[in-house]
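Fold and geometry: a report
Take a look at the letters that make up each chain.
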Amino acid sequence: MKGEPMSQKVIDLLNQGRARELTAITQYMAQHYELEDADFGKLAGKLKEVGIAEMKHAEKLAERILFLNGEPTSKPDGVAKKGQEIAEMLKTDIGLETEAIRMYNEAALTCAAEKDQISKGLFEELLKEEEGHLDEFQNIKDHVEKLGASYLATLTG
Ligand SMILES: [Fe+2]
Ligand SMILES: [Fe+2]
């Protein structure tokens, strides 16, 4: 044992979070390549940036799972959607972030009930970043809806 009482419930939550992150990574990287290919370089760059943030989340979750003597999962909990239009992509991404926020809010509460403040703090840290991602995706979607082609033109490069 590495000094902390092990809660299987907490390990399961950390792994559920990790599986979610792995799905998000796969999705954002797929979009990154598709957007790059369609010459939407600026938007592609944004997806890459968020994808890398999710990689860091997946890594932090794995570190915590290992510390608790659990085994980090390497299986995503979903499949990346391919070939979507930009508006659909953003809808997908907003869905992923919204679901992560719901999940991490719940997880933080359970960690508190399990008296694991460190795991709770980790979920809260991730939560804050997912809210940032949601906000960014939402803003881009609003702009695309309001301004259409003229806004899309600013995302190329
Ligand atoms: Fe994340
Ligand atoms: Fe996120």
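Higher on the page you've got the structure.
Scope of this entry: the structure provided in the associated data block. (Residues numbered from 1 in each chain as written. Chains lettered and ligands numbered in written order. Predicted model: local features only at pLDDT ≥ 70, side-chain atom pairs only at ≥ 80, totals over all residues. Heavy atoms only, no water.)

Moving on to the coordination of the iron ion (ligand 2). Protein ligation of the iron ion (ligand 2) involves E54 (OE), E97 (OE), E97 (OE), E130 (OE) and H133 (ND1), the donor distances falling in the range 2.0 to 2.3 Å. Here the iron ion (ligand 2) and the iron ion (ligand 1) are spaced 3.8 Å apart, and both take E54 as a donor. Remark: H133 and E130 occur in helix α4 (residues 117–147); sequence separation between them is 3 residues, near one turn of the helix. The same class applies to E130 as to H133, namely buried. (Donors = N, O, S within 2.8 Å, 3.2 Å for Na, K, Ca; no water. Helix = DSSP H or I, 4+ residues; strand = E, 2+ residues; numbered from the N terminus. Buried < 20%, exposed > 50% of the residue type's maximum accessible area, 1.4 Å probe, protein only.)

Although it is not a glycine, N69 sits at a positive phi angle of roughly 65°. If you trace the backbone, N69 turns up in the loop between α2 (41–67) and α3 (86–113).

Take the packing of aromatic side chains next. Counted under the stated rule, the structure contains 2 aromatic pairs. Between the aromatic rings of Y28 and F137, the centroid separation amounts to 5.5 Å while the plane-to-plane angle is 55°, which identifies the pairing as tilted. Here Y28, found in helix α1 (residues 8–37), pairs with F137, found in helix α4; they are 109 residues apart in sequence, far enough to count as distant. When its relative accessible area of 0% is taken as the criterion, Y28 is described as buried. When the centroid spacing of 5.5 Å and the interplanar angle of 45° are considered together, the rings of Y104 and F123 count as tilted. Of this pair, Y104 sits in helix α3 while F123 is found in helix α4, placing the two residues 19 residues apart along the sequence. You can call Y104 buried: its relative accessible area is 1%. (Phe/Tyr/Trp six-rings, centres within 6.5 Å; stacked < 30°, edge-to-face > 60°.)

Let us look at the environment of I101. Mapping I101 onto the fold places it in helix α3. Residue classification places I101 among the buried positions, given a relative accessible area of 12%. Taking the C-alpha atoms as reference, I101 lies 5.7 Å from L127; in sequence the two are 26 residues apart. Residues contacting I101, with those up to four places away along its chain left out, are L127, E130, E131 and L134. (Contact = heavy atoms within 4.5 Å.)

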